[in-house]
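Here are the chains, one letter per residue:
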Amino acid sequence: MKKKQIITTCCVAAAILVGVFVWQAYFSATKIAFVNFQTINLGNISKANDNSFVKLREVSTDHLDELTGYDMVFVNGMGLRIVEEQRQQIQRAADKGIPVYTSMATNPANNICNLDSVQMSQIRQYLTNAGKVNYRNLLSYVRKEIDGKLISAPVPEAPVEKPTDILYHAGVKNPDDEMEFLNVTDYEKFLRENGLYHEGARKVVITGQMADATGLILALEKAGHNVYPISSFTRFMEFVREIRPDAVINMAHGRMGDDMVEYLKERNIPLFAPLTVNSLVEEWENDPMGMSGGFLSQSVVTPEIDGAIRPFALFAQYKDDEGLQHSFAVPERLETFVNTVNNYLTLKTKPNSEKHIAIVYYKGPGQNALTASGMEVGPSLYNLLLRMKKEGYWVENLPESAKELEKMIQAQGAVFGMYAEGAFDEFMKTGNPELVTKEQYESWVKASLRPGKYAEVVAANGEFPGQYMTTPDGRLGIARLQFGNVVLMPQMAAGSGDNAFQVVHGTNAAPPHTYIASYLWLQHGFKADAMIHFGTHGSLEFTPRKQVALCSDDWPDRLVGALPHLYIYSIGNVGEGMIAKRRSYATLQSYLTPPFLESSVRGIYRDLMEKIKIYNNTTGAKEKQSLAVKALTVKLGIHRELGLDSLPTRPYSEDEVARVENFAEELATEKITGQLYTMGVPYEPERITSSVLAMTTEPILQIGKSSLTPEFTQSAKEALEARELIKLHVLQNCGDDLRGMAEILAERTR
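Here's what I pulled together on the structure shown here.

## Notes on the sheet that holds strand E14 (residues 357–361)
Piece 1. Strand order in this open sheet of six strands is E17-E18-E14-E19-E20-E21, and the pairing throughout is mixed. Here the strands that pair on one side only, and so sit at the sheet edges, are strand E17 (481–483) and strand E21 (587–591). Strand-to-strand twist across the sheet, computed as the mean angle between neighbouring axes with direction ignored, equals 20°.
Piece 2. Bridge analysis of E14 against strand E18 (residues 486–490) gives five bridges, and the strand direction is parallel. Each residue of the ladder has a partner; that of Val360, found in E18, is Met489.
Piece 3. On top of the sheet, helix H13 (residues 377–390) reaches E14, E18, strand E19 (530–534) and strand E20 (565–570); it is set at about 175° to E14, its chief contact.

Next up, the structure:
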């Protein structure tokens, strides 16, 4: 009896084991791993999967040891950065019989694949042609032909070859359908048949492969635009010329090219480049950088070369129930972006007389003058208002002169320090400020700020209206001057404290109510059609948080909102100009730097240079000549700048004299600026000449005591290869003949 039970138990166990084996071999789910796939591509494959017996997983390069637990492994070899240990983990999975397919390997060592040529060809065609049908058949092919499963394993269809130059749209009745069109005529017919074409409406082209544009397309169509999504390698310009768009939206990862740039310039078509964030929404919002590395260069820097505007983070990622990440247009961001596009396009058609324009200027507290780097602000601002009036903008009641405008600004557009209670109390009575009620402010805050952001404001500054620029009945004052449809407004202090540089260039605290209210009033109260920041530079682009790819928790993003933003910025400050473009979404309009003049300090150092010349020409003992150089060096205070001693009886060494000579020569040749630039007033011809000479004749190499060394000659040769003309400076301690050295250098660099 006992023996019979043992036999029965063994048979049952064996049956179970056989059943498990059979289930695992022929009926269980097919688990597929994806390594280094872009979110947009893997997301599209996932959306095409309608088979519950096919399970997809993204495996990071930190967990390649898990690949042996999958039934198929796909590796995207393009840009795959792994060390040898990780490469061996992929190879180990392949050696254990796990099917591995690697595509587009940029490093031959990463090209690991153990499929036969037929399987490789079939999979390559599915992936290359892409699309839901091909992706769905790819997964069926893996399950049936490679994993060998018997149930839920439909026979895969052959790869469908897809054209590379199409206009596309999601199906109207079934959004999962992928509608593709080879020409504009057929596409527009589709739009008309489905009620999506609006006669006379603006046309918007969407291109780029960095995100799923479905949400953006639908939102723009809902806003009344005719939308043309294009996926094309060879016919893009042909499509664009036939469509004749009013705007182009490029989900950028690189440049569009010079032909496209010229086309846009000729027709004054705005190019928007919304950003795709390669992380989950929560991770991106908590990232203090926002974007960096290759994505920053390809999504922000290179589109700037094309003239793209508004590097606005629109697309991010979400995680589905299976843990896979998908690209999508963040709804909160999408609404703002579509409004932004609408506002820019409205500027092209709205009569100038109806446009409301806000101009934000900078000045110090109290009676301090208006400021902008290298610019005469008052006359420039006045000239701009005169030109706007001439161009048809409604600008009324302008004063008779720039001086009168400056007086009005001091009276009605002043800025006050937090300490100047008496001054701003008087201003509130006589300066005719815009008065904002609590109800107005809170409605604007609700429309523009998240509750958590406003909580930061209250924590830092107290409840509305705060302690600054307020009335006894609880209203908040905003300084401004209004001339018809044009408002001039001072930029209020972005923070408190005595450190003016820190207040302008960024603090960690939330801005005060006055700062926030002024920008929200422009958006919601004055209802500006465009905002101009006047001169280099203000504080908006330095308010807290991300460096680029801002989110709705970043102050510049919220205070600019959907307003078209132009920034009149010095052409001589490229670095901070880029910050203004990327953090405040500004389109920069450059103004000139002040003209350069020849330094007048050469005469101050004439006696010193003469003493140095005597020193250099003296042979033998030079103590007396060195002391003469030292006496003048100490008299002029140069010794303090160079950290040299001032003992009158100890002569300087040869190296110390050379340092004095270099320092004095550098100061003597230093460029200085002339009068400040005034917009609308060209420079005099002599100022243009002096500026050009100062900018183009800067010495790039110096010949000293060692004369024409091989190293110097090589440097000169490299400089001449990059330029047609270079200037060399010969120090006085070089004793060789100038003409002779020039002839030798010309011969050696030929």
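## Digging into helix H2 (residues 39–48)
Piece 1. Counting buried residues in H2 gives seven out of 10 residues, a clear majority hidden from the surface.
Piece 2. Turning to H2, its buried residues number three or more, namely Thr39, Ile40, Leu42, Gly43, Ile45, Ser46 and Ala48.

## Things to note about the pairing of strand E8 (residues 226–231)
Piece 1. For E8, a buried count of six out of six residues is recorded, marking the element as mostly surrounded by other parts of the structure.
Piece 2. Going residue by residue along E8, you find Asn226, Tyr228 and Ile230 tucked away on one face and Val227, Pro229 and Ser231 tucked away on the opposite face as well.
Piece 3. Across two bridges, strand E5 (residues 166–170) lies against E8 in antiparallel orientation. Counted as the bridge partner of Ile166 is Ser231 from E8.

## A word on the packing of aromatic side chains
Piece 1. The final tally for this structure, using the stated rule, is 20 aromatic pairs.
Piece 2. Judged by centre distance (5.1 Å) and plane angle (80°), the rings of Phe34 and Phe37 are edge-to-face.
Piece 3. Its relative accessible area of 0% is what places Phe34 among the buried residues.
Piece 4. Note on Phe37: relative accessible area 11%, which makes it buried.
Piece 5. Between the aromatic rings of Tyr318 and Phe328, the centroid separation amounts to 5.1 Å while the plane-to-plane angle is 85°, which identifies the pairing as edge-to-face. In this pair, Tyr318 is assigned in strand E12 (residues 313–319) and Phe328 in strand E13 (residues 325–329), connecting sequence segments 10 residues apart.
Piece 6. Ring-pair connections join several aromatic residues into one group, and the members of that group are Phe272, Phe312, Phe337, Tyr344 and Tyr585.

## Things to note about the layout of surface pockets
Piece 1. In this structure, the second largest pocket spans a volume of roughly 1400 Å³.
Piece 2. In terms of lining residues, the second largest pocket is bounded by 49 residues, among which Tyr344, Leu566, Thr587, Leu588 and Gln589 are the most central.
Piece 3. At the level of secondary structure, the elements contributing two or more residues to the lining of the second largest pocket comprise helix H9 (258–267), helix H11 (293–306), helix H12 (331–349), H13, E19, E20, helix H21 (574–583) and E21.
Piece 4. Residue composition of the lining of the second largest pocket, grouped by class: 30 nonpolar, 10 polar and nine charged.

Cut-offs used in this document
Residues numbered from 1 in each chain as written. Predicted model: local features only at pLDDT ≥ 70, side-chain atom pairs only at ≥ 80, totals over all residues. Heavy atoms only, no water. Pairing = 2+ DSSP bridges. Helix = DSSP H or I, 4+ residues; strand = E, 2+ residues; numbered from the N terminus. Axes fitted to C-alpha atoms, helices over the stretch in contact; angles between N-to-C directions. Contact = heavy atoms within 4.5 Å. Buried < 20%, exposed > 50% of the residue type's maximum accessible area, 1.4 Å probe, protein only. Phe/Tyr/Trp six-rings, centres within 6.5 Å; stacked < 30°, edge-to-face > 60°. 1 Å grid on protein atoms, 1.4 Å probe; cavity = no way out; pocket = protein on both sides within 12 Å on 5 of 7 lines; lining within 4 Å. Points joined across faces, edges and corners; volume = space filled by probe spheres on them. Nonpolar A, V, L, I, M, F, W, Y, C, P; charged D, E, K, R; others polar.

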